[in-house]
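# Notes for the structure review
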Amino acid sequence: MTKPKLTYFDAPTSRGEECRLALHLAGIDFDDVRVKREEWPALKPTTPFGSMPVLELPGRPPLGQSNAILTLIGRQHGLHPRDDFEAARHEAMMCHVEDLRSVIAPTMWIADEAEKKKAREAIVTSKIPLWAERASAQIGNELFFSGSKIHVVDLKIHMLMKWLLGGKLDHIPTTSVSVFPKLVRVHDAVRDDARIRAWYAKG
Ligand SMILES: N[C@@H](CCC(=O)N[C@@H](CS)C(=O)NCC(=O)O)C(=O)O
């Protein structure tokens, strides 16, 4: 292996896409390995934590966990704060994003439609508003999470908001998050960044 390799499902979504965007913003030429659903069961036991994304760097063992991947890329390429406390504050927000994902993700596998509706409605009433209020309280008043410069935390917030604003999650209305202006602002700021647009323009 001569260049970094990022392995994730063949979809522009979630934890894998935020790591691809970080590598892209960092200007790193990487192997973008896209795994088909049917290939995953054989690959799963070979990954550090039985999950993706996985980042491989020349001469290093594979690295799992999206937040660890993002902060490593961020630290090495000016996309994560140098100040230790501010870095920890960004990392706390990234954990907060993971907390909400881990509440919503299990509902993806509920086969019974009535049961899924009940579980998601409970998330909309009891989880998302508090989650979003707490997230908003951490976000500053400039364009991104902290200030006018993009960091890996912004990519994390963007990908979660893109999912929730996309309107494809039955029983989770987009208004559950669209009423939180700071979260929408960060989502839009990342979407409108010229380098992010260039990533999607290349198809
Ligand atoms: N905490 C891990 C969670 C990783 C995770 O659950 N990834 C999902 C895709 S977004 C996955 O690998 N799912 C397949 C599986 O768990 O078998 C992270 O942040 O990377």
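Along each chain, residue indices are assigned from 1 in the same order as the chain's sequence is written. Only residues with pLDDT of at least 70 get local features here, since the model is predicted, and only at 80 or more are side-chain atom pairs given and counted; chain-wide, interface and lining totals rely on the full set of residues.

## Things to note about the overall build of the protein chain
What counts is decided by this rule: Strands here mean DSSP runs of E at least two residues long; helices mean DSSP runs of H or I at least four residues long; both are numbered from the N terminus. The globule rule used here is 2.2 Å times the number of residues to the 0.38 power, and the radius of gyration it is set against is calculated over C-alpha atoms. Counting other C-beta atoms within 10 Å of a residue's own tells you its class, since 20 or more makes it buried, 12 or fewer makes it exposed, and anything in between is partly exposed; those C-beta atoms are placed from the backbone. We call two residues in contact if the C-beta atoms placed from their backbones are at most 7 Å apart.
Looking only at helices and strands, one finds nine helices and four strands in the protein chain. Seen in sequence order, the protein chain has helices and strands lined up from the N terminus as β-α-β-α-β-β-α-α-α-α-α-α-α. The C-alpha atoms of the protein chain give 17 Å as radius of gyration, which agrees with the globular expectation for 203 residues (17 Å, within 12%). Across its three principal axes, the protein chain shows a C-alpha extent of roughly 50 × 45 × 35 Å. For the protein chain, the residues scored as buried account for 28% of the 203 residues in total. Considering only contacts in the protein chain between residues 6 or more positions apart, those separated by 24 or more positions represent 67%.

## Digging into the domain arrangement of the protein chain
Condition: Domain start and stop positions are those given by an automatic or database domain assignment. Note on residue categories: nonpolar means Ala, Val, Leu, Ile, Met, Phe, Trp, Tyr, Cys or Pro, charged means Asp, Glu, Lys or Arg, and polar means any other residue, Gly included.
If you check the domain split of the protein chain, you get domain 1 (5-78) and domain 2 (84-193). Taking the mean C-alpha position of each, domain 1 and domain 2 sit 21 Å from one another. Put simply, the parts of the chain that give the side of domain 1 that touches domain 2 at least two residues each are α1 (14-25) and α3 (66-76). A total of six residues in the side of domain 1 that touches domain 2 trace back to one element, the largest contributor, which is α1. Across the side of domain 1 that touches domain 2, the residue classes break down as five nonpolar, five polar and two charged.

## Considerations on the pairing of strand β1 (residues 5-9)
Two faces belong to every sheet, and in a regular strand the side chains alternate between them. The line we're drawing: DSSP bridges decide pairing: two strands pair if at least two such bridges lie between them. We call a crossover right-handed when, viewed with both strands directed away from the observer, the connection leading from the first strand over the helix to the second proceeds clockwise.
With five bridges connecting them, β1 and strand β2 (residues 31-35) associate as parallel partners. Bridge pairing links L6 to D32 in β2. Chirality of the crossover, the property in question, places the unit of β1, α1 and β2 among those that are right-handed.

## A short note on the site of the ligand
Threshold: All residues are tested the same way: a C-beta atom is placed from the backbone, and lying within 6 Å of a molecule or strand makes the residue near it.
In the vicinity of the ligand, the contacting residues are S14, R15, K44, S51, M52, Q65, S66, N67 and E98. Residues belonging to the shell around the ligand are distributed by class as follows: one nonpolar, five polar and three charged.

## Concerning the sheet that holds β1
Formally: Where helices are involved, their axes are fitted lines through C-alpha atoms of the stretch in contact, as for all axes, and angles between N-to-C directions lie from 0 to 180°.
Strand order in the open sheet formed by four strands is β2-β1-β3-β4, and the pairing between neighbours is mixed. At either margin of the open sheet sits one strand with a lone partner, and together these are β2 and β4 (63-64). Against the sheet, α1 touches β1, β2 and β3 (54-56), its axis set at about 150 degrees to β1.

## Some details on the nonpolar core
Across soluble globular proteins, nonpolar side chains show a tendency to be buried alongside one another. Note the threshold: By definition, a nonpolar core groups buried Ala, Val, Leu, Ile, Met, Phe, Trp, Tyr and Cys residues that connect through C-beta atoms lying within 7 Å of each other.
Grouped together as the largest cluster of nonpolar side chains are 38 residues, with contacts concentrated most on A22, L70 and I157. For this core, the secondary structure elements donating two or more residues are β1, α1, β3, α3, α4 (84-104), α5 (113-138), α6 (152-165) and α8 (181-192). The element contributing the most residues to this core is α6, with eight residues. Two domains each provide a minimum of three residues to this core, namely domain 1 (5-78) and domain 2 (84-193). Ignoring anything within four residues of it in the chain, the contact list for I157 reads V97, F145, L183, V186 and H187.

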